[in-house]
Each structure stands twice: as structure tokens, then as C-alpha cells.
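Report on the structure
Each chain, letter by letter, is given below.
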Amino acid sequence: SVQRKVAFVQFETDPYCRSLLQDRQGLRTVLSDKPDAHGLVGSVLALVEDDSYLRQILSWPGRPRHVHIVGGSPCQGLSSVGMGRGFDDPKSALVWVVPVIRDIVVSIVPVSVGHLLENVKSMDDADRDAISRIMGSSPQVVDAAEVAACSRPRLFWSSMGHVSVESDPVDADAVLEPGWRPVWELVGGSQ
């Protein structure tokens, strides 16, 4: 039988999120402690600022056959609901890290590379179209309501094309403690 080896390298800068991910580390999952040029530990920018870290990851024992890059930039700058500064917001520029890493990976080792990029649905058409051009695909809208007790529609650009998401909604009453109600009932909306 074919034995598949999978490794996950996670990048996170938020201290609380890093503490949650620390418990998930093991033989196949590593939380990056590499700082970027500004000293921010866990920044994915460390991969694009100096490709030696990416080269180190790709040289782990066993030649990788496939690399899949999954990520999303902070959405505040791209959200028409939020600040809406588009790519003038420095955090929004993080959206370009996924295609840059993809290009660096294929220049280092001959492997197939896939990607999945997520961001907010309520973005400006020009920003969405720019991301679509660089990612080489149009986005698919997926709402967390398909699998969770909340509505959180997001855009996903994927090298796998549009994928079917099987709806398996969560009954809010089944996950809330007695006496608690979903927030959408308090504000008069639906999930």
C-alpha cells in the first residue's frame, strides 16, 4: 500500500491563537517560530522575505510530491463594510503571499502546488477581480451556515476549481446551553 505522509506548517502571529495552536503541534504539525523582517514571530512573510526558511521546510525527509498553500489575509481593508481601503491597507497586501509562495515553491522543487485563498465576500469588485487574476480562478462563495450555527459568507479562490460543499447545518439549540439563544434572534435577523 502507498503510505502518505502529510505535514502542516502553520503561521500565526496573534499570541492567543498561537497558544491554542501550540497544543496541536506534533510529528506532522509545526507552528512557525520564524520572525519576519520586523521581528513578528509566526509571520508568513518570513517565507517570502528569505526563501531559506521555505527551502528548509521543503528539504524535510522525504521528497514532497504536493504542496498545498492555504491562507487568507485580514479582511478589514478589503471589506466594504469595514474601512474599505482596499490594497492601500498594508494588511490587505498579505493576500499576495499565497501566489508568491506558490511561485517560490515551484522554483525550488518540482512538485504540484495547490492553493486555497479566503477573504471577505463584501469586497470591491475591482479588488475581487485583481485577486482572481493573480490566483488564476474565480472565487466561490461558501457560507459557514452550511456546516455551522452562524452565517459567515466568504470568497474562496482554489486551484481545485469550485468544490461542492455538503450542507450539514448545526442546530443552535443542540450546541447552546439551556436558556441561551442565538445572537441573530436578538437582532431580529436570520442566521
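Above this text you will find the structure in question.
All values reported here derive from a predicted model rather than from experimental measurement. All chains use their own residue numbering, which begins from 1 and follows the written sequence. Side-chain atom pairs in this predicted model are given and counted only at pLDDT of 80 or more, local residue features only at pLDDT of at least 70, and totals for whole chains, interfaces and linings cover all residues. Only hydrogens and water are set aside; all other atoms, that is, all heavy atoms of the structure, feed into the side-chain values.

Some thoughts on the sheet that holds strand β5 (residues 140-143)
Think of it this way: DSSP has to see at least two bridges between two strands before they count as a pair. Every helix listed is a DSSP run of H or I at least four residues long, and every strand listed is a run of E at least two residues long, numbered separately from the N terminus. The four strands lie next to each other as β3-β4-β6-β5, forming an open sheet whose pairing is mixed. Of all strands in the sheet, those with a lone pairing partner are β3 (66-71) and β5, marking the two edges. Each adjacent strand pair in this sheet contributes to an overall mean axis angle of 25°, direction not counted. Both β3 and strand β4 (residues 112-120) contribute to a ladder of six bridges, which runs parallel. Note on β4: the bridge partner recorded for Ile 69 is His 115. Every axis in this analysis is a line fitted to C-alpha atoms, fitted for helices over the stretch in contact. Angles between the N-to-C directions lie between 0 and 180 degrees.

Points about the packing of aromatic side chains
Think of it this way: a Phe, Tyr or Trp ring, Trp meaning its six-membered ring, pairs with another when their centres are within 6.5 Å, and the plane angle makes it stacked under 30 degrees, edge-to-face over 60, tilted otherwise. Across all of its chains, the model carries two aromatic pairs by this definition. Pairing Phe 11 with Tyr 53 gives two aromatic rings, centres 6.3 Å apart and planes at 90°, and the pair type is edge-to-face. One end of the pair, Phe 11, is in the loop between β1 (8-10) and α1 (15-22); the other, Tyr 53, is in helix α3 (residues 51-58), with 42 residues separating them in the sequence. Each residue's exposure class comes from its accessible area (1.4 Å probe, protein chains only) as a fraction of the maximum for that residue type: buried when under 20%, exposed when over 50%, partly exposed otherwise. Among the residues examined, Tyr 53 registers a relative accessible area of 11% and is labelled buried. A centroid spacing of 4.9 Å and a plane angle of 35° characterise the contact between Phe 87 and Trp 96, whose relative ring orientation is tilted. Looking at Phe 87, the relative accessible area reads 27%, which means it is partly exposed. Given the relative accessible area of 27%, Trp 96 is considered partly exposed.

Brief notes about the side chain of Asn 119
Mapped onto the elements, Asn 119 comes out in strand β4. On the basis of relative accessibility, which here comes to 0%, the residue Asn 119 falls in the buried class. Apart from the residues within four sequence positions on either side, Asn 119 is in contact with Ser 73, Pro 74, Cys 75, Leu 78, Arg 154, Leu 155 and Trp 157. We call two residues in contact whenever any of their non-hydrogen atoms come within 4.5 Å of each other.

Here we look at the packing of α3 against helix α4 (residues 97-108)
Here α3 crosses α4 at 60°, and the two axes come no closer than 11 Å. Here α3 is positioned oblique relative to α4, judged by the angle of their axes. Handedness of the crossing formed by α3 with α4: right-handed. Contacts between α3 and α4 involve Asp 51, Leu 54, Arg 55 and Leu 58 from the former and Ile 101, Ile 104, Val 105 and Ile 108 from the latter. Here the nonpolar group is Ala, Val, Leu, Ile, Met, Phe, Trp, Tyr, Cys and Pro; Asp, Glu, Lys and Arg are the charged ones; every other residue, Gly included, is treated as polar. A class-by-class count of the residues in the contact of α3 with α4 yields six nonpolar, no polar and two charged. Angles are sorted into four bins: roughly parallel if under 35 degrees, roughly antiparallel if over 145, roughly perpendicular if 65 to 115, and oblique for all others. Put simply, a crossing is left-handed when the front helix is turned counterclockwise from the back one by less than a right angle, and right-handed when it is turned clockwise.

Bear in mind that shape data such as this cannot, by itself, settle questions of function.
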